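Observations on the model geometry
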Amino acid sequence: MEIPRSLRALLRLSLAVAVLHIAFGAIVRISGSGMGCGDHWPKCLGAWFPPMDQPTLVIEWTHRLLAAILVTTVSATALVAWRARGMKGVGGRGGVLRPALLALALVFTTALFGAVTVWLQNAPLATVGHWSLAAALLATLATALVRAGDLGGARWSVGTAKLARGAAAAAGLAFVVLILGGLTAKVPGANAACSGIPLCGTPTDPNAPGLATLQLVQMFHRVLAYLLFFHLMGLAISTRRITEAPAAVRAVRIAFALALLQVGIAFSMVLRHLPGVLRSAHQITGVLLWLAVVVATLLARRAAPAEAPVPPSVAVLIARGGGA
């Protein structure tokens, strides 16, 4: 590939900032800092640099600072990709340009939706919409980076449609679980509606208004999370018996390891009565799990079909484990 080094570096930086930004967004929600800057946007309490004398203000201001950095890096990435659109691997179908431009649209939409969230006083549905757009941006940047040859995308490999379908199903499940996790964290009382695990157990507050609905949200999130865990376990086991693209297999195994870690955090979080540190760790691990299954899907779909003839030059590269 003739991808400019500056473009690849900007993509890496954008993805890293996006992960940090969405992870920090979880901390904002869980710490109750969403209105730390009042109803002002984009300024904070009417100033660009307000006095940092309140924890909620510091958390929300830092989140907005990360958002500004993310907008800058994604804009620079899209500009460099546009200027290099005539180069191989950048323009055209399967190139970096399209996801880079989509990421540019998503980052501005996400920022504007953040303003709407503030103006609506952090209403749960608005917050979850903001969270969903941020997750979509993360997936789009990962797509651009894989197309640029990073995250294992530079290697020629052979795989099966079965893994591609399985990874895509995992990505779909992971997205829904991630969004429901954000909803559970944001809707008042939803996180404490179930005091037991893996089943719901006795509610912390039996007299909470709308308890049945809150428990339904919590258990729907859990059931889908359990399905995702066992699905990833099945994928990780099946790749031991079938020849698949090495990079995709590695991504699947990383995703399963993160799912295993997530289960451990969830049990500890519930049994220790929902401490903020573990709640934040739970959502941040969920973000990394979402990213891992997206990358696994991209790599599995990128692999050459096992039933298709492999060109001799590619066969040599596969045998040597070399990159394209």
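Reference entry: report on the structure contained in this document. Being a predicted model, the structure only gives us computed values, none of them experimental.

**Looking at the side chain of glutamate 60**
With respect to the element layout, glutamate 60 can be found in helix 2 (residues 55-83). Here the side chain of glutamate 60 touches arginine 64 through a polar contact of 2.9 Å, side chain to side chain.

**As for the packing of aromatic side chains**
One pass over the structure, following the stated rule, counts three aromatic pairs. A ring pair is formed by phenylalanine 175 and tryptophan 290, whose centres lie 5.3 Å apart and whose planes are at 55°; its orientation type is tilted. Here phenylalanine 175 is found in helix 5 (residues 161-186), whereas its partner tryptophan 290 is found in helix 8 (residues 276-302), with 115 residues between them in sequence. Look at phenylalanine 175 and you get partly exposed, because its relative accessible area is 27%. Arranged with centres 5.5 Å apart and planes meeting at 35°, the rings of phenylalanine 229 and phenylalanine 256 form a pair that is tilted. Of this pair, phenylalanine 229 sits in helix 6 (residues 211-238) while phenylalanine 256 sits in helix 7 (residues 246-271); the two residues are 27 residues apart in sequence, bridging distant segments of the chain. Assessed through its relative accessible area of 13%, phenylalanine 229 is described here as buried. What links up through ring pairs into an aromatic cluster is the set Phe229, Phe230 and Phe256. A cation over a ring is seen here: arginine 85 above tryptophan 82, with NZ or CZ 4.1 Å from the ring centre.

**Structural notes on the nonpolar core**
With 74 residues, the main nonpolar core has Leu138, Leu232, Leu289, Trp290 and Val293 as its most contacted residues. Those elements that place two or more of their residues in this core are helix 1 (5-31), helix 2, helix 3 (97-119), helix 4 (124-147), helix 5, helix 6, helix 7 and helix 8. For this core, the leading source of residues is helix 4, giving 13 residues. Setting aside residues up to four positions removed in sequence, tryptophan 290 forms contacts with Ala135, Leu138, Ala139, Ala171, Ala174, Phe175 and Leu178.

**So, the pattern of salt bridges**
All chains considered together, the criterion is met by three salt bridges. Between aspartate 150 and arginine 8 there is a salt bridge whose closest N-O contact spans 3.7 Å. Taken as a pair, aspartate 150 in the loop between helix 4 and strand 1 (158-159) and arginine 8 in helix 1 lie far apart in primary sequence, 142 residues in all. Relative accessible area serves as the criterion here: at 13%, aspartate 150 is assigned to the buried category. One salt bridge connects glutamate 60 with arginine 64, and the closest N-O pair in it is separated by 2.9 Å. You can see glutamate 60 and its partner arginine 64 sitting in helix 2, four residues apart, about one turn around the helix. One salt-bridge network, in which partners are shared between bridges, spans Arg8, Arg12 and Asp150.

**Some thoughts on the packing of helix 7 against helix 8**
Axis separation between helix 7 and helix 8 bottoms out at 8 Å; the angle between their running directions is 160°. On the basis of the axis angle, helix 7 is roughly antiparallel to helix 8. The handedness of the crossing between helix 7 and helix 8 is left-handed. Residue composition of the contact of helix 7 with helix 8, by class: 22 nonpolar, five polar and one charged.

**Notes on the state of the cysteines**
All told, the structure shown has one disulfide when counted by the stated rule. Through a disulfide, cysteine 194 is tied to cysteine 200; the S-S separation comes to 2.0 Å. A torsion of -85° about the S-S bond marks the disulfide between cysteine 194 and cysteine 200 as left-handed.

**Overview of the environment of histidine 130**
Position of histidine 130 relative to the elements: it lies in helix 4. Residue classification places histidine 130 among the buried residues on the basis of a relative accessible area of 18%. Between the C-alpha atoms of histidine 130 and leucine 112, which are 18 residues apart in sequence, the distance is 9.1 Å. Setting aside residues up to four positions removed in sequence, histidine 130 forms contacts with His63, Thr110, Phe113, Gly114 and Thr117.

**Description of a nonpolar patch on the surface**
On the surface, Trp41, Leu112, Val116, Trp119 and Leu120 cluster together into a nonpolar patch covering about 500 Å² of accessible area. With respect to the helices and strands, the residue valine 116 is situated in helix 3. On the accessibility criterion, valine 116 (32% relative accessible area) is partly exposed.

**Some words on unusual backbone geometry**
Note that the residue after isoleucine 197, namely proline 198, is joined by a cis bond; omega there is 10°. If you trace the backbone, proline 198 turns up in the loop between helix 5 and helix 6. Its identity is not glycine, yet histidine 273 carries a phi of approximately 65°, on the positive side. Structurally, histidine 273 is set in the loop between helix 7 and helix 8.

Reading the values: the criteria
Residues numbered from 1 in each chain as written. Predicted model: local features only at pLDDT ≥ 70, side-chain atom pairs only at ≥ 80, totals over all residues. Heavy atoms only, no water. Helix = DSSP H or I, 4+ residues; strand = E, 2+ residues; numbered from the N terminus. Polar contact = N/O pair within 3.5 Å; in protein donor to acceptor, adjacent residues only side chain to side chain. Phe/Tyr/Trp six-rings, centres within 6.5 Å; stacked < 30°, edge-to-face > 60°. Buried < 20%, exposed > 50% of the residue type's maximum accessible area, 1.4 Å probe, protein only. Lys NZ or Arg CZ within 6 Å of the ring centre and 35° of its normal. Core = buried A, V, L, I, M, F, W, Y, C linked by side-chain atoms within 4.5 Å. Contact = heavy atoms within 4.5 Å. Salt bridge = Lys/Arg side-chain N within 4 Å of Asp/Glu carboxyl O. Axes fitted to C-alpha atoms, helices over the stretch in contact; angles between N-to-C directions. Parallel < 35°, antiparallel > 145°, perpendicular 65-115°, else oblique. Left-handed = near helix turned anticlockwise from the far one by under 90°. Nonpolar A, V, L, I, M, F, W, Y, C, P; charged D, E, K, R; others polar. Disulfide = S-S within 2.5 Å. Patch = residues over 30% accessible without salt bridge, like charges linked within 9 Å, V, L, I, M, F, W, Y side chains within 5 Å. Areas by Shrake-Rupley, 256 points an atom, 1.4 Å probe, with all protein chains shown as cover.

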